[in-house]
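# Examination of the molecular architecture
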Amino acid sequence: MNNYIVSLTLFAATYAIFSLGLNLQWGYTGLINFGHVAFLTIGAYTTVLLSTNGVPLLLAVLAGGGLAALLGLLVGISTLRLREDYLGIVTIGISELIRLIAQNESWLTKGSFGIQGYPLPLDFTPTYPTKIAYIALLTIIFGGTSWSLWKWSRRAPQRWWQALLAIGSALVVYIAGAMSLYEYTSGAGLMLLAIVTLAVIFVGLEKLVVSPWGRVLKAIREDEEVPKALGKNVFWYKLQALMLGGGIAGIAGAFYAWQITSVYPTNFEPMMTFNAWTIVMLGGAGNNVGVILGAVIFWTYDTITRNDAVINWLGGSLHLTSDKIGALRVMIIGLILMIIMMWRPQGLLGNRNELTLGK
């Protein structure tokens, strides 16, 4: 059970990082990006290829994030001066272009044969003091998360149930993570690294979005003519948001590659972008805490419905083949999303009064 929760947490943390990048672009700035998986692809392949050729993992990850940000720069320069829908169209094409390049340029990416056997972080047997240090680090993150959620609920007492749900989920992860770190597996170490990275990115984004820079992004989202009238360079702010969101997604790509341990072009289908949009809309656009909660809920659903017992029950009760069960899972996600958009269009933790979506 511990390994099960660790795997779920790792996927949720990876997708939370991935979706935080999209939330910065769309939730805070209003940029429509339907090809967000392109940044993930760049980050994953860059990290894997560089580390395979002897580049230290940290530098490989930073390079992956940097190239993903560079892709955001190129896309932004060519599209941000056009209408918003052009950005959505171009990003879809860019994501498929990059996936096809990865599939066909076998001299670089090994094509459809994929890349295996690349270095993984924290893949060693730690000493007892090191295990205790890892558990202590996890404890600090859990304590800080719980304290922040408690203060957040105090500012808005009607949100107590949301804070309680988030703290309860964090407690389950903390217990399973601490036990797995004590017994130690490479998966547990990777989970801790993903949580630490998520915490750093989350804190950094929270500080940015309440800064003057973040307030300009929100103004652009609501009506970009207003910041223009105040003398702000709207194009430059949009470009920064697109690049930073892309760089964050590139870092998520490294964790995704480490989690699946083998990288193939088929791992980067457009469905991944759909999943990120689902997470952002489920948790609440323009709310970083909501994105994390949305990632946890989404991957809990995904993991449960992939369980062999559930699949066998669906196959026996509804007489469905495995392909039809997979289609049913996606259909249910779409139905849940439709219900949420009618019931709470701002998402679970979003602010309806703040977002144009709720007006």
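Residues numbered from 1 in each chain as written. Predicted model: local features only at pLDDT ≥ 70, side-chain atom pairs only at ≥ 80, totals over all residues. Heavy atoms only, no water.

## Quick look at helix H6 (residues 128-155)
Note the threshold: The secondary structure listing takes helices from DSSP runs of H or I that are at least 4 residues long and strands from runs of E that are at least 2 residues long, numbered from the N terminus. For a helix, the expected span equals 1.5 Å multiplied by the number of residues minus one. Note on exposure labels: buried denotes an accessible area under 20% of the residue type's maximum, exposed denotes more than 50%, and partly exposed covers the range between, all computed with a 1.4 Å probe on protein chains only.
With 28 residues, H6 extends 41 Å between its outermost C-alpha atoms, agreeing within 8% with the 40 Å of an ideal straight helix rising 1.5 Å per residue. Inspection of H6 places Lys131, Tyr134, Ile135, Leu138, Ile141, Phe142, Ser146, Leu149, Trp152 and Ser153 among the buried residues, and these make up the whole buried set.

## Some remarks on the environment of Gly189
Convention followed: Between two residues, a contact is recorded if the distance between any of their heavy atoms is within 4.5 Å.
Its place among the elements puts Gly189 in helix H8 (residues 186-209). On the basis of relative accessibility, which here comes to 0%, the residue Gly189 falls in the buried class. Taking the C-alpha atoms as reference points, Gly189 and Leu122, separated by 67 residues in sequence, lie 5.8 Å from one another. With sequence-adjacent residues up to four places away left out, Gly189 is seen in contact with Leu122, Leu181 and Tyr184.

## Topic: the packing of H8 against helix H11 (residues 234-260)
Defined as follows: Note on method: axes are straight lines fitted to C-alpha atoms, helices fitted across the in-contact stretch only, with angles between N-to-C directions ranging 0 to 180 degrees. Orientation labels follow simple angle bins: below 35 degrees gives roughly parallel, above 145 gives roughly antiparallel, 65 to 115 gives roughly perpendicular, and whatever is left gives oblique. By the convention adopted, Pro, Cys, Tyr, Trp, Phe, Met, Ile, Leu, Val and Ala count as nonpolar, Lys, Arg, Asp and Glu as charged, and the other residues, Gly among them, as polar.
Direction vectors running N to C along H8 and H11 enclose 170 degrees, while the axes themselves pass 11 Å from each other. Considered as vectors, H8 and H11 are oriented roughly antiparallel to each other. Across the interface between the two elements, Leu190, Leu193, Ala194, Thr197, Ile201, Leu205 and Leu208 of H8 pack against Leu244, Ile248, Ile251, Phe255, Trp258 and Gln259 of H11. Along the lines of polarity and charge, the residues of the contact of H8 with H11 split into 11 nonpolar, 2 polar and no charged.

## Comments concerning unusual backbone geometry
Of note in this structure, Lys110 is not a glycine but carries a positive phi near 65 degrees. Relative to the helices and strands, Lys110 resides in the loop between helix H5 (106-109) and strand S1 (115-116). Phi angles above zero are rare outside glycine, and Leu122 is one such case at about 55 degrees. Classification of Leu122 by relative accessible area gives partly exposed; the value is 24%.

## Notes on helix H2 (residues 37-52)
Helix length check: H2, at 16 residues, gives a terminal C-alpha distance of 22 Å against a target of 22 Å (1.5 Å per residue), a fit within 8%. Most of H2 is tucked away, with 13 of its 16 residues classed as buried. Two residues or fewer after H2 comes Gly54, characterised by a positive phi angle close to 95 degrees.

## Examining the pattern of salt bridges
As a reminder of what qualifies: The rule for a salt bridge is simple: a side-chain nitrogen of Lys or Arg has to be within 4 Å of a carboxyl oxygen of Asp or Glu.
Inspection of every chain in the model, using the stated rule, returns 6 salt bridges. The shortest N-O distance in the salt bridge between Glu224 and Lys238 comes to 2.7 Å. Highlighted residues: Glu224 in the loop between helix H9 (212-223) and helix H10 (225-229) and Lys238 in helix H11, separated in sequence by 14 residues. Judged by relative accessible area, which is 7%, Lys238 ranks as buried. Between Glu225 and Lys228 there is a salt bridge, with the nearest N and O atoms lying 3.9 Å from each other.

## Quick look at the packing of aromatic side chains
Put simply, the test is: Pairing of aromatic side chains requires ring centres within 6.5 Å, counting the rings of Phe and Tyr and the six-membered ring of Trp. Pairs whose planes differ by under 30 degrees are stacked, by over 60 edge-to-face, and all others tilted.
In total, this model carries 13 aromatic pairs according to the counting rule given. Ring geometry for Tyr15 and Phe18: centres 5.9 Å apart, planes at 85 degrees, overall edge-to-face. Taken together, the residues span about one helical turn, with Tyr15 and Phe18 both in helix H1 (residues 2-28) at a distance of 3 residues. On the basis of relative accessibility, which here comes to 1%, the residue Phe18 falls in the buried class.

## Focus: the side chain of Ser19
Among the secondary structure elements, Ser19 is positioned in helix H1. The contacts of Ser19, once residues within four sequence positions are left out, are Ala276, Ile279, Val280 and Val291.

## Here's the deal with the packing of helix H3 (residues 57-79) against H11
How we decide: The sense of a crossing depends on the near helix, which, turned anticlockwise from the far helix by less than a right angle, makes the crossing left-handed and, turned clockwise, makes it right-handed.
As a packed pair, H3 and H11 sit with axes 7 Å apart at the nearest point and diverge in direction by 145 degrees. Of the two elements, H3 crosses H11, and the hand of that crossing is right-handed. Together, Leu57, Val61, Gly64, Gly65, Ala68, Ala69, Gly72, Leu73, Val75, Gly76 and Ile77 of H3 and Phe235, Leu239, Leu242, Met243, Gly246, Gly247, Gly250, Ile251, Ala254 and Trp258 of H11 make up the contact between the two elements. A per-class count over the contact of H3 with H11 returns 14 nonpolar, 7 polar and no charged.

## Examining the nonpolar core
Where we set the bar: Buried residues of nine kinds, namely Ala, Val, Leu, Ile, Met, Phe, Trp, Tyr and Cys, make up a nonpolar core once their side-chain atoms join them within 4.5 Å.
Formed by 71 residues in total, the largest nonpolar core has its most connected members in Leu40 and Phe268. Sorting elements by how many residues they give to this core places H11 first, with 14 residues. Residues in contact with Phe268, not counting those within four places in the same chain, are Val37, Leu40, Thr41, Ala44, Tyr45, Arg99, Tyr256 and Val263. Judged by nonpolar contacts, the second largest core, of 15 residues, contains Ile141, Tyr184, Ala188 and Met191.

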